[in-house]
Amino acid sequence: MILWPWEEQELVQKAKESVEMVIGSEALVPSDDPRTQLLEQVCHRLWQQGISEKDKNNGIKEPTVYLIDNEELLDGVSYPCSAITLTTCWLRLIDYDENLLAAVVAHEIAHILQNHASEFYGMSFIIKVVTKLGEMIGNIIPGLDKERVQQRPILFLQEHSQKLEKEADILGQEIMARAGYDPAKAIELWELMVALEETNKSSLEQVQIPKSSHDEEGRGIRHVSDTFRYHPLKEHRVKYLTENLLQTQNLYDKAVKL
Ligand SMILES: [Zn+2]
């Protein structure tokens, strides 16, 4: 744990404010819309049946999901106050497939359970300090490649973010399986994302690392279509999810036999 308990409390409060801001400023799909109902139903089932006894007892409440009416931007955020926002663009991408949606939501739930937003916040705070030190050292030591000194923390943060993504992928796949959703669909989802990345590649080359990719203020973990630099490589992601499939398949078999 990188943050003190009161700092975490503060983050949860900030997250709540962010969620209120988002739902106040974005067009939400009404609660009686079948798309919202599908999302709520999937999240509820994942939470009720998918998470382990240990996670159930850690005091986190069932996430509230908000569906934002935006067909153009692929955006999903998990907030440490146990809220998830998703754009309708996600639903369109997965063609309203319930199992694929379960893969998306289970991944977001995993971020919340693993407290990733505050971990990333803590880490980026440390990185800022290190970067500052790097700048100071760069000024003191003549001839030092300043750019490299400043580049490294960003690479480190990317690697750390990839580690968190992997943790969320693995736990997310388990949550799916326990809730009786086909865990192989998690692999299919990321293959779909990779196909999307391939299509966007030429434009990605020029893209700077977006500031909003992971909220450094710790308000949430964001998954938006232009943040793939923060995500594990395609081959890597598919590989570990396939390896994890053996184990999650057992959980799935057990769940569907009940
Ligand atoms: Zn993630």
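Analysis parameters
- Counting from 1, residues in each chain are numbered in the order their sequence is written.
- With pLDDT at 70 or above as the cut-off, local features in this predicted model cover only qualifying residues; side-chain atom pairs require 80 or more to be listed or tallied, and sums for whole chains, interfaces and linings still use all residues.
- Helix and strand labels come from DSSP, where a helix needs a run of H or I of at least four residues and a strand needs a run of E of at least two; each type is numbered from the N terminus.
- Exposed residues have 12 or fewer other C-beta atoms within 10 Å of their own C-beta, buried residues have 20 or more, and residues in between are partly exposed; the C-beta atoms are placed from the backbone.
- We call two residues in contact whenever the C-beta atoms placed from their backbones are within 7 Å.
- Whether two strands pair comes down to DSSP finding at least two bridges between them.
- Given the number of residues in a helix, its expected span is that number minus one, multiplied by 1.5 Å.
- As used here, the arc belongs to the directions running from the helix axis to the C-beta atoms.
- Axes here refer to lines fitted to C-alpha atoms; in helices the fit is confined to the stretch in contact. Angles between the N-to-C directions go from 0 to 180 degrees.
- Orientation labels follow simple angle bins: below 35 degrees gives roughly parallel, above 145 gives roughly antiparallel, 65 to 115 gives roughly perpendicular, and whatever is left gives oblique.
- Handedness of a crossing follows from how the near helix is turned relative to the far one, being left-handed for an anticlockwise turn of less than a right angle and right-handed for a clockwise one.
- Under the convention adopted here, Pro, Cys and the residues Ala, Val, Leu, Ile, Met, Phe, Trp and Tyr are nonpolar, Asp, Glu, Lys and Arg are charged, and Gly plus all remaining residues are polar.

Participant: A description of the overall build of the protein should follow, citing residues and the corresponding values.
Facilitator: When helices and strands are tallied, the protein shows nine helices and four strands. Counting helices and strands in the order they occur from the N terminus, the protein gives α-α-α-β-β-β-α-α-α-α-α-β-α. In the protein, buried positions account for 38% of the 258 residues. Taking contacts inside the protein between residues at least 6 apart in sequence as the whole, the part at least 24 apart equals 73%.

Participant: Can you tell me about the pairing of strand β3 (residues 83-87), naming the residues and giving the values?
Facilitator: Of all five residues that make up β3, five are buried, and the element is covered over most of its length. Side chains A83, T85 and T87 project from β3 onto one buried face, and the interleaved I84 and L86 project onto a second face that is buried too. Here strand β1 (residues 64-68) pairs with β3 via five bridges, running parallel. Its bridge partner lying in β3, L67 is registered against L86. Pairing analysis gives four bridges linking strand β2 (residues 75-79) to β3, with the strands arranged antiparallel. Pairing of V77 across the sheet is with T85, part of β3.

Participant: Can you explain helix α5 (residues 98-113)? Please cite residues and give values.
Facilitator: With 16 residues, α5 extends 22 Å between its outermost C-alpha atoms, agreeing within 8% with the 22 Å of an ideal straight helix rising 1.5 Å per residue. Across the 16 residues of α5, 14 count as buried, placing the element largely inside the fold.

Participant: Run through helix α1 (residues 5-25), naming residues and quoting values.
Facilitator: With 21 residues, α1 should reach 30 Å at 1.5 Å per residue; the first-to-last C-alpha distance of 30 Å fits that figure. All of the buried residues along α1 are L11, K14, A15, S18 and V19. Seen from one end, α1 has its buried residues packed into an arc of 150°, which puts them on one side. Projecting away from the buried face of α1 at angles above 90 degrees are the exposed residues P5, W6, Q9, Q13, E17, E20 and G24.

Participant: So what's going on with the environment of L196? Residues and values would help.
Facilitator: Looking at the secondary structure, you find L196 in helix α8 (residues 184-206). The partly exposed category is assigned to L196, around which 14 C-beta atoms lie within 10 Å. Residues L196 and L93, spaced 103 residues apart in sequence, show a C-alpha to C-alpha distance of 9.4 Å.

Participant: Now, about the packing of helix α2 (residues 34-50) against α5: what can you tell me, with residues and values included?
Facilitator: Close contact between α2 and α5 brings their axes to 9 Å; oriented N to C, the two are set at 60°. By the angle class used here, α2 and α5 are oblique. The chirality of how α2 crosses α5 is right-handed. Residues L38, L39, V42, C43, L46, W47 and G50 of α2 form the contact with α5, whose own contacting residues are E98, L101, A102, V105, A106 and I109. Among the residues forming the contact of α2 with α5, the class breakdown is eleven nonpolar, one polar and one charged.

Participant: Lay out unusual backbone geometry in plain terms, naming residues and giving numbers.
Facilitator: The phi angle at D95 is positive, at roughly 55°, despite the residue not being glycine. Mapped onto the elements of the fold, D95 is located in the loop between α4 (88-93) and α5. A positive phi angle, close to 60°, is found at Y96, a residue other than glycine. Mapped onto the fold, Y96 is located in the loop between α4 and α5.

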